[in-house]
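# Reading the structure
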Amino acid sequence: MLIAQLTDLHLRPAGLAAYRMVDTSALAEQALRAVAALDPVPDAMVISGDLADTAADEEYALLSVLLRRHLRLPVYVIPGNHDRRAAMRTGLGHLPGLGGSGRFLHYVVEDPRLRLIMLDTLVEGAAHGELCDERLEFLDRSLAEFPDRPALLVMHHPPFACGIGHMDAIGLRNQEAFAAIIRRHPQVERVVCGHNHRPVIGRVAQATVSIAPSVAHQMELMLRPGVAGAMVMEPPAFPLHRWTSAKGLVTHTVYVESYPGPFPFQTQPSPPVQTAPRRGEEQSKPQGGRPKASVPHISAGGGCLRIRQR
Ligand SMILES: [Fe+2]
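Take the overall build of the chain next. On a plain count of helices and strands, the chain comes out with six helices and 15 strands. Considering the chain as a whole, with its 310 residues, one finds that 36% of them fall into the buried category. Restricting the contact set of the chain to residue pairs at least 6 apart, pairs at least 24 apart contribute 63%.

Following this line, the structure appears as structure tokens:
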């Protein structure tokens, strides 16, 4: 079973930039194209919050259009702190789990291979997340229903501090209450999150927790305390989770943008290293030399990969 996880699209209507600089509608469409191009195509896709940037109806309407345009697979979404439940229901009510009238947008996808437990950590009007008593009870009850079935938890706010101070300050509150529930349910295979706009791995109780990078802008890696947050345009990417009952959950990172390659490995051995002759040694002509075939030469420089033909 393959599950693509997109997060933190921060979608804006076409032509409007998030934070006045990030063309998130184009980046979201680029990410959806990348999911559709995967081979094999995933069985499902989850979006772990911050679907929209300002929670305007137009932003959810655009997401609905983009999903229909690019994907033919089940899509499961939860809110992030930039989302609003009512607007999500209005624009995306056709998606599984969003059609009800409950206070929260949480639900369970009962896939016989791997249960997906979609959690709602949103506190409307605040940047931090929380699982109140009602939501904790939903989580505990859902896991208790089928203690022998492996479960993947999807939530926006990470349930651990990652060391980036300004993000930890708006992380999940009441992390201990969450951890206590995970501790009681060893079938929790993984907790996957968004919110931090960086790839980070951590742990809660016995479960691995992975934070996915955004498919739009990323957050600067800043572990020095007291420094304000800043965006960086590192490559957009998303995790592709591969579930097998024999090996559990294995996660690959998919880069959204196109890069050179794939290049088949050369059957010729690499040319020998050319060393300068030492003083007194007989000058001899190199025996190796560059291969005559047109082989791409790849080197790093200026912050990007450069390729030239030899
Ligand atoms: Fe975000």
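With that settled, consider the pairing of strand S6 (residues 151–154). The alternating pattern of S6 places Ala-151 and Leu-153 and Leu-152 and Val-154 on opposite faces, both of which are buried. Sheet analysis places strand S5 (residues 115–118) next to S6, joined by four bridges and oriented parallel. Each residue of the ladder has a partner; that of Ile-117, found in S6, is Leu-153. Note on the crossover from S5 through helix H4 (residues 133–145) to S6: the handedness is right-handed.

With that settled, consider the confidence of the model for the chain. Across the chain, the average pLDDT comes to 91, with 90% of residues at 70 or higher. Confidence drops under a pLDDT of 50 for residues 301–310, and excluding neighbours within four residues, the segment shows 14 contacts in the predicted structure.

Before going further, it helps to spend a moment on the packing of helix H2 (residues 57–70) against helix H3 (residues 85–92). Two quantities define a packed helix pair, namely the angle between the helix axes and the distance between the axes. H3 packs onto H2 with a crossing angle of 40° between their chain directions and a minimal axis gap of 8 Å. As far as their axial angle goes, H3 and H2 are oblique. Our pair here, H2 against H3, has a crossing hand that is right-handed. The residues of H3 that touch H2, namely those facing Asp-57, Tyr-60, Ala-61, Leu-63 and Ser-64, are Ala-87, Met-88, Thr-90, Gly-91 and Leu-92. When the residues that make up the contact of H2 with H3 are grouped by side-chain class, the tally is six nonpolar, three polar and one charged.

Pairing between the strands of a sheet is mediated by backbone hydrogen bonds and can be parallel or antiparallel. Pairing is mixed across the open sheet formed by six strands, whose spatial order is S4-S5-S6-S7-S9-S8. Pairing within the sheet leaves two strands with one partner each, and these edge strands are strand S4 (107–109) and strand S8 (200–204). Sheet twist, expressed as the mean angle between neighbouring strand axes with direction ignored, is 20°. Relative to strand S9 (residues 207–211), strand S7 (residues 188–193) runs parallel, the two being bridged by four bridges. Paired with Val-191 across the strands is Val-209, a residue of S9.

Here the focus is the pairing of S8. As paired elements, S8 and S9 share five bridges and run antiparallel to each other. Residue Val-204 lies in a different strand from S9, and its bridge partner there is Ala-207.

Moving on: H3. Along H3, the residues classified as buried are Ala-87, Met-88, Gly-91 and Leu-92. All buried residues of H3 lie within an arc of 100° about the axis, which places them on one face of the element. Of the surrounding elements, those touching the buried residues of H3 are H2 and strand S3 (75–78).

Rules behind the numbers
- Residues numbered from 1 in each chain as written.
- Predicted model: local features only at pLDDT ≥ 70, side-chain atom pairs only at ≥ 80, totals over all residues.
- Helix = DSSP H or I, 4+ residues; strand = E, 2+ residues; numbered from the N terminus.
- Buried ≥ 20, exposed ≤ 12 C-beta atoms within 10 Å, placed from the backbone.
- Contact = placed C-beta atoms within 7 Å.
- Pairing = 2+ DSSP bridges.
- Right-handed = clockwise from strand over helix to strand, strands pointing away.
- pLDDT = per-residue confidence, 0-100.
- Axes fitted to C-alpha atoms, helices over the stretch in contact; angles between N-to-C directions.
- Parallel < 35°, antiparallel > 145°, perpendicular 65-115°, else oblique.
- Left-handed = near helix turned anticlockwise from the far one by under 90°.
- Nonpolar A, V, L, I, M, F, W, Y, C, P; charged D, E, K, R; others polar.
- Arc of directions from axis to C-beta.

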